[in-house]
Number of protein chains: 2
Amino acid sequence: MIRPVQAVATVKDEAMRTMNVQDQVLRAALELFSTRGYATTSVQEIVVAAGVTKGAMYHYFASKDDLLFAIYERMLSLQKARLDEIVAAGTERGDAVEDVLRAVCEDVVTTSIELLPEGTVFTRSQHMLTAERQAEVKRRRRAYHDDFESLLLRGTKEGVFRDDVPTAVLIAHFFSDVHYLPQWYSPTGPETAAEVAGQLTELFLRGIRAAASQDPGKD
Amino acid sequence: MIRPVQAVATVKDEAMRTMNVQDQVLRAALELFSTRGYATTSVQEIVVAAGVTKGAMYHYFASKDDLLFAIYERMLSLQKARLDEIVAAGTERGDAVEDVLRAVCEDVVTTSIELLPEGTVFTRSQHMLTAERQAEVKRRRRAYHDDFESLLLRGTKEGVFRDDVPTAVLIAHFFSDVHYLPQWYSPTGPETAAEVAGQLTELFLRGIRAAASQDPGKD
DNA sequence: CACCACAAACCGACCAGACGGTATGGAGGA
DNA sequence: TCCTCCATACCGTCTGGTCGGTTTGTGGTG
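Structural notes, computed from the coordinates. Only a predicted model underlies this, so the values are computations on that prediction, with no experimental measurement involved. (Residues numbered from 1 in each chain as written. Chains lettered and ligands numbered in written order. Predicted model: local features only at pLDDT ≥ 70, side-chain atom pairs only at ≥ 80, totals over all residues. Heavy atoms only, no water.)

### As for empty space enclosed by the protein
The tally for this structure, following the rule as stated, stands at two cavities of 30 Å³ or more. Its boundaries defined by the atoms lining it, the largest cavity holds a volume of some 300 Å³. Around the largest cavity sit 19 residues that line it, and Met75, Gln79, Phe122, Val178 and His179 of chain A are the ones nearest its centre. Mapped onto the lining of the largest cavity, the elements with two or more residues apiece are α4 (64-93), α5 (97-114), α6 (116-124), α7 (131-158) and α8 (167-184) of chain A. Considered class by class, the residues forming the lining of the largest cavity number 10 nonpolar, six polar and three charged. Considering only enclosed or pocket space, the second largest cavity measures out at about 90 Å³ in volume. As for the second largest cavity, its lining consists of 13 residues, of which Arg124, His127 and Met128 of chain A together with His127 and Met128 of chain B are closest to the centre. Classifying every residue of the lining of the second largest cavity gives six nonpolar, five polar and two charged. (1 Å grid on protein atoms, 1.4 Å probe; cavity = no way out; pocket = protein on both sides within 12 Å on 5 of 7 lines; lining within 4 Å. Points joined across faces, edges and corners; volume = space filled by probe spheres on them. Helix = DSSP H or I, 4+ residues; strand = E, 2+ residues; numbered from the N terminus. Nonpolar A, V, L, I, M, F, W, Y, C, P; charged D, E, K, R; others polar.)

### Quick word on the protein's contact with DNA strand C
Around DNA strand C lies a shell of 15 residues, among which Thr53 and Tyr60 of chain A together with Val43, Lys54 and Tyr58 of chain B are the nearest. In DNA strand C, the atoms that sit within 4 Å of the protein are 67% sugar and phosphate, with bases accounting for the remainder. One nitrogen or oxygen atom from the side chain of lysine 54 of chain B is found 2.4 Å from a base oxygen belonging to DNA strand C. Listing elements by their share of the surface near DNA strand C, those giving two or more residues are α3 (54-60) of chain A together with α3 (54-60) of chain B. Here the element with the most residues in the surface near DNA strand C is α3 of chain A; it accounts for four residues. Residues that form the surface near DNA strand C fall into these classes: five nonpolar, seven polar and three charged. (Near = heavy atom within 4 Å. Polar contact = N/O pair within 3.5 Å; in protein donor to acceptor, adjacent residues only side chain to side chain.)

### Quick notes on the relation of the copies chain B and chain A
Overlay of chain B on chain A (RMSD 0.0 Å): rotation 180°, translation along the axis 0.0 Å. Here the symmetry operator amounts to a two-fold rotation axis. Interface overlap between copies is the fraction of interface residues in one copy that are interface residues in the other; for chain B against chain A it reaches 100%, indicating a shared surface. (Least-squares fit on C-alpha atoms with pLDDT ≥ 70 in both. Contact = heavy atoms within 4.5 Å.)

### Regarding the packing of α8 of chain A against helix α8 (residues 167-184) of chain B
Where α8 of chain A meets α8 of chain B, the closest approach of the two axes is 7 Å, and the angle between their N-to-C directions is 110°. Relative to α8 of chain B, α8 of chain A is oriented roughly perpendicular. Remark: the crossing between α8 of chain A and α8 of chain B carries right-handed chirality. Across the interface between the two elements, Val169, Ala172, His173, Phe175, Ser176, Asp177, His179, Tyr180 and Trp184 of chain A from α8 of chain A touch Val169, Ala172, His173, Phe175, Ser176, Asp177, His179, Tyr180 and Trp184 of chain B from α8 of chain B. (Axes fitted to C-alpha atoms, helices over the stretch in contact; angles between N-to-C directions. Parallel < 35°, antiparallel > 145°, perpendicular 65-115°, else oblique. Left-handed = near helix turned anticlockwise from the far one by under 90°.)

### Some words on the side chain of threonine 167 of chain B
All names here are of chain B. Along the chain, threonine 167 turns up in helix α8. Looking at threonine 167, the relative accessible area reads 17%, which means it is buried. Once residues lying within four places of it in the same chain are set aside, the contact partners of threonine 167 are Glu149, Leu152 and Leu153. (Buried < 20%, exposed > 50% of the residue type's maximum accessible area, 1.4 Å probe, protein only.)

### What to know about the interface of chain B and chain A
Of the residues lining the interface, 36 residues belong to chain B; the matching set on chain A comes to 37 residues. Surface buried jointly by chain B and chain A totals about 3,100 Å² across both partners, of which 59% is contributed by carbon and sulfur atoms. On the chain B side of the contact with chain A, Tyr180, Leu203 and Arg206 of chain B bury the most area, a combined 23% of that side's loss. The partner of glutamate 202 of chain A in a salt bridge is arginine 162 of chain B, and the shortest N-O contact between them spans 2.7 Å. Counting the contacts that link chain B with chain A gives 13 residue pairs in polar contact (both at pLDDT 80 or more). Broken down by secondary-structure element, the contributors of at least two residues to the side of chain B that touches chain A are α6 (116-124), α7 (131-158), α8 and α9 (193-208) of chain B. The element contributing the most residues to the side of chain B that touches chain A is α8 of chain B, with 11 residues. (Buried area = accessible area lost by both parts, 1.4 Å probe. Salt bridge = Lys/Arg side-chain N within 4 Å of Asp/Glu carboxyl O.)

As structure tokens, then:
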């Protein structure tokens, strides 16, 4: 179990909140898991990189697995919150489905680029979690996909999205792009996150639009 | 180093070529690596599953890493061979670029579905290989992508593929689908491999086609 | 302000077990 | 006799996790 962060009252002026044990440990764990991999990173290496001792770490985390799950937890809740927010805003404004979907897609790509190390760990280490937590991750991913799917279904019902390809395939088609980002995208590369988000989203949308509705209007 | 398979001369009639140590070990390793993961599978478990002893296994393989690399080696050379073959045949027949690309895409999706366990290991365990072998895998993947890219560039030069999205993004867009297959596709699911191959390929091609094939003098 | 009591934070030596890999030697064909 | 193939016992190392004990911070009390 991850205990809540308690206030470390006295703040030494030489080191601000950098001293927080939990944050330091999680930061180091993310860095090491994403570069060396979960299984090949020892708890010793993590605590050394975090500048704390094993005793301190195990005071706040029950197991190495906790460190890994914290990465999943953060990513899952963040992405879900953003999805809900965008869909809610779009629905309230009465936006067209395609516009809502575009906003969702661009946002998840952008967010995933901001969380590249997390994404690396996410796809690579799912099977290292305990069985219960694997199930939990699976459950929450399904919930996310279900929300995404209802957007697609709304679009097909309105006739703007094609209906000759199963939604499961369309969903996989899009999220493949998202999950593949850590494998190729580099922040120091030629394209900005926003550009890639726009490009991948546009590729996806063009693929799923109903054949009849060819819209010349472009941005 | 993986020693070449030597002829196991005496074939006991109760077990035919099932006895081959190398095959049995590699089969078991693939099965276990793809379900439990490389790091969490011990050599003991592998040899037990293969029905051999550790001594026998280490007689043919120098290390656990060899077992892992064999999976990569097999997949890389197989996919590369098929790509070369299809491109060569298409070029010889003078097929249109889009037809060649379609054939390539459908084939790699189909093949990847036939090798789902290998694909699982491929994306998940790359960082567990020795540094040299990681570089080797990277090198051969790049070679594959380069061939793929020249198809795309041919298409853009001919004006049938769009030129407003970097080829690197287009390549990532397609191979994301391929690498994501083990995460969602099930052979027992509703779609056949050929169907999915056709659908994903069509989604991709529709995304990358030049906006107006009838419309010259654009930009 | 001095002092105490107490709990939370933290330290680091230690452990039991598992791991990848090896050393040794035997069986059996050539 | 030699060599390949393989079985078995074994080894050194490293791991995640524990635990008794110490330090540090804090609030109450006089």
